[in-house]
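Fold and contact review
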Amino acid sequence: MTDTHHSAPDDVLMGYATGTLAKAFDLVLATHVSLSDDARARLETFEALGGAVLDNMDADDLDAAPVEEASFEQTMAKIISAPASEPTAPTGAIAGTFPTPLRNVVGGDEDALQWRSLGGGVKQYVLHSDDGGTARLLLIPAGRAMPVHSHNGAEMTLVLKGSFRDDGGVFARGDLEVADTQVTHQPIADPGEDCICLVATDAKLKFQSLLPRLAQPFIGI
Ligand code: ZN
């Protein structure tokens, strides 16, 4: 797998490295990192940095360390001066649609899923849901547009098969799109192949048109 065009932003990767993401987002990041050389290399740098910072502190420092010492800006300044690490082999490079972290949750590949129809050929499979968010697989038929929507919270979309496009660009296998309350978009699956995505959200979507809004209570998006 070569580098992807859209990989996780640094703050999201650091959240993943420090284990502070909700489970739904954690699964998306674990799967993304297994597909993206770029994200994996940066993650390894963050993890090495975290270990080096801890190694250089004694127990008194740890007790006394103010929260500000771990501020994002300061940590980033250290990272920029840290040597780049060589990426290790992709852990998701196996045959099939689902990389290992996702396959472990599903208990198989694409053909193991009992998809639930959302109408218009769109299907979903909910993998995990708790107070921190919901992770679902979404299948969008080739050439089909999703309803225009904005977001009440965070949404991370990782492409596993096919591709989609919106104002943010074209997203193919391994690419991650991060959207928040500032983003309104309409993902459209490219023609030729159905698009399967792993999507995590921590709040309901805001649909602009009536039909998706009416269906929302039934489909739980
Ligand atoms: Zn969205």
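Residues numbered from 1 in each chain as written. Predicted model: local features only at pLDDT ≥ 70, side-chain atom pairs only at ≥ 80, totals over all residues. Heavy atoms only, no water.

**Quick word on the pairing of strand S7 (residues 169–172)**
Quick reminder of the rule: For two strands to count as paired, DSSP must find a minimum of two bridges between them. Strands here mean DSSP runs of E at least two residues long; helices mean DSSP runs of H or I at least four residues long; both are numbered from the N terminus.
Pairing of strand S6 (residues 163–166) with S7, which is carried by four bridges, proceeds in the antiparallel orientation. Looking across to S7, one finds that serine 163 is bridged to alanine 172. Between S6 and S7, which follow one another and run antiparallel, lie two residues.

**Re helix H3 (residues 37–55)**
The test is simple: Multiplying one less than the number of residues by 1.5 Å gives the expected span of a helix. Relative accessible area decides the class of each residue, using a 1.4 Å probe on protein chains only: under 20% of the type maximum gives buried, over 50% gives exposed, and in between gives partly exposed.
Under the 1.5 Å per step criterion, the end-to-end length of H3 is 27 Å for 19 residues, consistent within 8% with the ideal 27 Å. For H3, the full list of buried residues reads Asp37, Ala39, Arg40, Ala41, Leu43, Glu44, Thr45, Phe46 and Leu49.

**Some thoughts on the pattern of salt bridges**
The test is simple: Salt bridges are defined by distance alone: a side-chain nitrogen of Lys or Arg within 4 Å of a carboxyl oxygen of Asp or Glu.
Tallied over the entire structure, the rule returns six salt bridges. With a closest N to O distance of 2.6 Å, arginine 42 and aspartate 10 form a salt bridge. Here arginine 42 is found in helix H3, whereas its partner aspartate 10 is found in helix H1 (residues 10–17), with 32 residues between them in sequence. Judged by its relative accessible area of 24%, aspartate 10 is partly exposed. The partner of aspartate 109 in a salt bridge is arginine 103, and the shortest N-O contact between them spans 3.4 Å. With a relative accessible area of 15%, aspartate 109 lands in the buried category. You can call arginine 103 partly exposed: its relative accessible area is 25%. Among the ionic contacts, a cluster of salt bridges with common partners joins Asp10, Asp38 and Arg42.

**Considering the nonpolar core**
Quick reminder of the rule: Only buried Ala, Val, Leu, Ile, Met, Phe, Trp, Tyr and Cys residues count toward a nonpolar core, and they belong to the same one when joined by side-chain atoms within 4.5 Å. In this entry, domain limits derive from an automatic or database-based domain assignment. Contacts between residues were defined by any pair of non-hydrogen atoms, one from each residue, lying within 4.5 Å.
Membership of the largest hydrophobic core comes to 31 residues, with the highest contact counts inside it found for Leu13, Phe98, Leu102, Leu127, Leu137, Leu160 and Leu198. Put simply, the parts of the chain that give this core at least two residues each are H1, helix H2 (23–35), H3, helix H6 (100–106), strand S3 (133–140), strand S5 (155–161) and strand S10 (195–201). Viewed by domain, this core spans two of them, domain 1 (10–81) and domain 2 (100–219), each represented by three or more residues. Each residue touching leucine 127, except ones within four places of it in the same chain, is listed here: Leu27, Leu102, Val105, Val106, Ala135, Arg136, Leu137 and Leu198. Core analysis: the second largest hydrophobic core is formed by 15 residues, Leu138, Val159, Phe164 and Cys197 among them.

**Focus on a nonpolar patch on the surface**
Which entries qualify depends on this criterion: Each patch groups residues whose relative accessible area exceeds 30% and which form no salt bridge, using 9 Å between like charges and 5 Å between nonpolar side chains of Val, Leu, Ile, Met, Phe, Trp and Tyr. Note on areas: Shrake-Rupley with a 1.4 Å probe; residue coverage comes only from the protein chains shown.
Taken together, Leu210, Leu211 and Leu214 make up a surface patch of nonpolar side chains, about 340 Å² in accessible area. Along the polypeptide, leucine 214 turns up in helix H7 (residues 210–219).

**Describing the sheet that holds S7**
Spatially, the three strands line up as an open sheet ordered S7-S6-S9, and their pairing is antiparallel. At either margin of the open sheet sits one strand with a lone partner, and together these are S7 and strand S9 (188–189).

**Concerning the pairing of strand S1 (residues 116–119)**
Successive side chains on a regular strand alternate, one facing one side of the sheet and the next facing the other. As paired strands, S1 and strand S2 (residues 122–130) are joined by three bridges and run antiparallel to one another. Looking at S2, one finds that glycine 119 is bridged to valine 122. Hairpin connection from S1 to S2: two residues lie between these consecutive antiparallel strands, with glycine 120 at a positive phi of about 65 degrees.

**Observations regarding the packing of aromatic side chains**
Here is the rule we go by: A pair of Phe, Tyr and Trp rings is counted when the ring centres sit within 6.5 Å of each other, with Trp represented by its six-membered ring. The angle between the planes then sorts it: under 30 degrees is stacked, over 60 is edge-to-face, the rest tilted.
For the coordinates displayed, the defined rule picks out one aromatic pair. Look at phenylalanine 164 and phenylalanine 171: their rings are 5.0 Å apart centre to centre, the planes differ by 15 degrees, and that puts the pair in the stacked class. Among the residues examined, phenylalanine 164 registers a relative accessible area of 1% and is labelled buried.

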